Amino acid sequence: MEKLLFIDDDLDFLESNRIYFTRKGYKIYQCSSPKEAWELLQNTAFDCVILDIDMPEIDGFSLCRHFREQSRAPVIFLSGFSDTESRIQSFQSGGDDFLAKPYDILELEYRIRARIRRSESVFYNDVLTFGPLVIDMDRRIVSYNGKEEYFSALQFDILSFLAQNPGKVFSYEQLYDRIWKTPIVGSRHNLQVTVSTIRHKLTALCNEKQYIKTVSRKGYCFSPPKDQDFSPSFPSEQENQKDSSHHTN
């Protein structure tokens, strides 16, 4: 079930969207204050965030910039500010889309669908296996001997990227550039903390086995135990023939 987070200080707005999108099969979270939203964003992976601009304590632009240091999940600004400057600033702060209030809720639904679909297409639809460790790129699940461990969106992005390149060392700058698609600017510490958290979770999940190594003065490297070869799984030849037959009918 895809998870949406609505952030707005208008309680009527939150409730109407909760009712509509719950009926559409989404799991809905809602926050009326940026502080509450920030705590939730740090601990929950969302498929899409719908964010207002004009809020107490901190505006939507600032919240989005902070969020972009943790995740690349799509952000849609939904605001009563419809001027060109606000639209431009929403993209400059890391937003993916902008819709002005009042809005058509069906249009919002389709914008959310499109952004989630585009976000998911960034990754290959396959499975990486390293012995008992399985990284399901399509379902975004990490498991070891069938036991699953939760990784936030950003943690999974980093882990899956490293796992697709086993044995290759990536510097902080390279990881930041590949994952966020922007140059690193004073966020090395955030990246170090995130990788440390990933390593801790993997070690606990994988019976104390180490998969991510720190290479002094160079960066990080995904290095599975020698008895666990890299083995991405793809559709079998039979499945491919079945798909091909389906498309030609």
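Given the structure is predicted, the values throughout are model-derived calculations rather than measurements.

S.K.: Before we go on, may I ask you to explain the overall build of the chain in this structure?
M.R.: When its secondary structure is counted, the chain shows nine helices and 13 strands. With 249 residues in all, the chain has 44% of them scored as buried. The long-range share in the chain, meaning contacts at least 24 apart out of those at least 6 apart in sequence, stands at 57%. Accessible surface, the chain: about 13,600 Å² in total, of which carbon and sulfur atoms supply 47%.

S.K.: I'm lost on the nonpolar core in this one. Help?
M.R.: Where a protein is soluble and globular, its nonpolar side chains tend to be buried together. The biggest cluster of nonpolar side chains holds 29 residues, and the ones touching the most others in it are Leu-133, Ile-135, Val-142, Leu-159, Leu-202, Ile-212 and Phe-222. Those elements that provide at least two residues to this core are strand 6 (127-130), strand 7 (133-136), strand 8 (141-144), helix 6 (153-163), helix 7 (172-180), helix 8 (188-205) and strand 12 (219-222). Those residues in contact with Leu-133, other than ones at most four positions away along the chain, are Leu-128, Val-142, Ser-143, Tyr-144, Leu-202, Cys-206, Tyr-211 and Phe-222. In terms of nonpolar packing, the next biggest core, distinct from the first, is built from 19 residues, Ile-7, Cys-31, Phe-61 and Phe-67 among them.

S.K.: Got a minute to help me understand the sheet that holds strand 10 (residues 169-170) in this structure?
M.R.: Strand pairing in a sheet is mediated by backbone hydrogen bonds. Such pairs are either parallel or antiparallel. Taken in spatial order, the three strands line up as 10-12-11 in an open sheet, and their pairing is antiparallel. Strand pairing shows two members of the sheet lacking a second neighbour, strand 10 and strand 11 (212-215), which therefore form its edges. Taken together, the two bridges between strand 10 and strand 12 define a ladder with antiparallel strand orientation. When the sheet's bridge partners are listed, Phe-170 is paired in strand 12 with Tyr-220. Running at roughly 140° to strand 11, helix 8 makes contact with strand 11 and strand 12 of the sheet.

S.K.: What am I meant to see in helix 6 here?
M.R.: In an α-helix, one turn spans 3.6 residues; hence positions three or four apart end up facing the same way. In terms of residue burial, helix 6 counts as a mostly covered element, since eleven of its eleven residues are buried. Restricting attention to buried positions, one finds in helix 6 the residues Ala-153, Leu-154, Gln-155, Phe-156, Asp-157, Ile-158, Leu-159, Ser-160, Phe-161, Leu-162 and Ala-163.

S.K.: Quick question: what am I supposed to make of the sheet that holds strand 5 (residues 97-100) here?
M.R.: Strands sit in the order 2-1-3-4-5 across an open sheet of five strands; the sheet is parallel. Both outer strands of the open sheet, strand 2 (27-31) and strand 5, are each paired with one neighbouring strand and no more. Across the sheet, the mean angle separating the axes of adjacent strands is 20° when strand polarity is ignored. Here five bridges tie strand 1 (residues 3-7) to strand 2, and the two strands are oriented parallel to one another.

Thresholds, definitions, all that
- Residue numbers here run from 1 along each chain, matching the order of that chain's written sequence.
- This being a predicted model, a pLDDT of at least 70 is required before a residue's local features are given, and a value of 80 or more before pairs of side-chain atoms are given or counted; all residues contribute to the totals for chains, interfaces and linings.
- The side-chain quantities take in all heavy atoms of the structure and omit both hydrogens and water.
- Only runs of H or I of at least four residues qualify as helices and only runs of E of at least two qualify as strands under DSSP, and these elements are numbered from the N terminus.
- When a residue's accessible area, from a 1.4 Å probe over protein chains only, is under 20% of the maximum for its type it is buried; when over 50% it is exposed; and in between it is partly exposed.
- Residues are treated as being in contact if the distance between any of their heavy atoms lies within 4.5 Å.
- For accessible areas, the Shrake-Rupley method is used with a probe of radius 1.4 Å. Any residue's cover is judged against the shown protein chains and nothing else.
- Buried Ala, Val, Leu, Ile, Met, Phe, Trp, Tyr and Cys residues form a nonpolar core when they are joined through side-chain atoms within 4.5 Å.
- DSSP-based pairing: two strands are paired if at least 2 bridges between them are found.
- Each axis is a line fitted through C-alpha atoms, and for a helix only the stretch in contact is used; angles between axes span 0 to 180 degrees, taken between their N-to-C directions.

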